Amino acid sequence: MTHIIGSIHDVVQWDNLRIWAENGLVRIEDSRDNSFETITVKDAKERIKAQIDILKTDYYDTAGKAKLRSHIEAVLGVLEKAKEQGMPSDHTRRNDLKRSRATSVVVPTDIIK
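Residues numbered from 1 in each chain as written. Predicted model: local features only at pLDDT ≥ 70, side-chain atom pairs only at ≥ 80, totals over all residues. Heavy atoms only, no water.

Novice: Help me out: how do you make sense of the side chain of lysine 65 in this one?
Specialist: Among the structural elements, lysine 65 can be located in helix H2 (residues 62-85). No salt bridge is formed by the buried lysine 65. Its closest oppositely charged neighbour is aspartate 58, at 4.3 Å. A distance of 3.1 Å separates a polar atom in the side chain of lysine 65 from the backbone oxygen of threonine 57. Each residue touching lysine 65, except ones within four places of it in the same chain, is listed here: Leu55, Thr57, Asp58 and Tyr60. (Helix = DSSP H or I, 4+ residues; strand = E, 2+ residues; numbered from the N terminus. Buried < 20%, exposed > 50% of the residue type's maximum accessible area, 1.4 Å probe, protein only. Lys, Arg positive; Asp, Glu negative; His and termini not counted. Salt bridge = Lys/Arg side-chain N within 4 Å of Asp/Glu carboxyl O. Polar contact = N/O pair within 3.5 Å; in protein donor to acceptor, adjacent residues only side chain to side chain. Contact = heavy atoms within 4.5 Å.)

Written out as structure tokens, the structure reads:
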């Protein structure tokens, strides 16, 4: 069963997997063995394409296909969010992150007088 946990975090729960977008990457956590994986949007799209190929076969019945279709749609939403966040390797994104960080400037008190 696919659940979207919270509208702020956009975490997709699908059976034992939790999938979410963070810093332009897709994070996957498996509760069966507590494994954690980080993949790019491109790799996630390839995995989704494999699931779409499974939909074209007779492997699942109608209910199973509907369940898989809803999972694919939820994960595609996560991929869109990851794309909006930007790839970490993109130099413009890194520059934007540097600019958005809070900066502190220390001013000695004897200069102010």
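That shown, we press on.
Novice: It is not clear to me how the pairing of strand E3 (residues 17-22) should be interpreted in this structure. Could you clarify?
Specialist: Sheet topology note: the strand E2 (residues 11-14)/E3 ladder contains three bridges and is antiparallel. Looking at the pairing, glutamine 13 lines up with arginine 18 of E3. Joining the antiparallel neighbours E2 and E3 is a turn of two residues, in which aspartate 15 adopts a positive phi near 50°. Inspection of the sheet shows E3 paired to strand E4 (residues 25-30) by six bridges, in the antiparallel sense. (Pairing = 2+ DSSP bridges.)

Novice: Got a minute to help me understand unusual backbone geometry in this structure?
Specialist: The bulk of non-glycine residues show a negative phi, and the bulk of peptide bonds are trans. Backbone geometry places aspartate 15, a non-glycine residue, at a positive phi of 50°. The exposure class of aspartate 15 is partly exposed, given its relative accessible area of 45%. In the Ramachandran plot, asparagine 23 falls in the positive-phi region, its phi being about 55° despite a non-glycine side chain. Inspection of the secondary structure assignment puts asparagine 23 in the loop between E3 and E4. Here asparagine 23 falls in the partly exposed class, since its relative accessible area comes to 40%.

Novice: Sorry, what's going on with the packing of helix H1 (residues 41-55) against H2 here?
Specialist: Two numbers describe a pair of packed helices, the interaxial angle and the distance between the axes. Where H1 contacts H2, the two axes come as close as 10 Å, and the packing angle between them is 165°. The angle between H1 and H2 falls in the class roughly antiparallel. The handedness of the crossing between H1 and H2 is left-handed. Across from Val41, Ala44, Lys45, Ile48, Gln51, Ile52, Ile54 and Leu55 in H1, the residues of H2 making contact are Lys65, Leu68, Arg69, His71, Ile72, Val75, Leu76, Leu79, Ala82 and Lys83. For the contact of H1 with H2, the residue count by class is 12 nonpolar, two polar and four charged. (Axes fitted to C-alpha atoms, helices over the stretch in contact; angles between N-to-C directions. Parallel < 35°, antiparallel > 145°, perpendicular 65-115°, else oblique. Left-handed = near helix turned anticlockwise from the far one by under 90°. Nonpolar A, V, L, I, M, F, W, Y, C, P; charged D, E, K, R; others polar.)

By themselves, these figures tell us nothing about what the structure is for.
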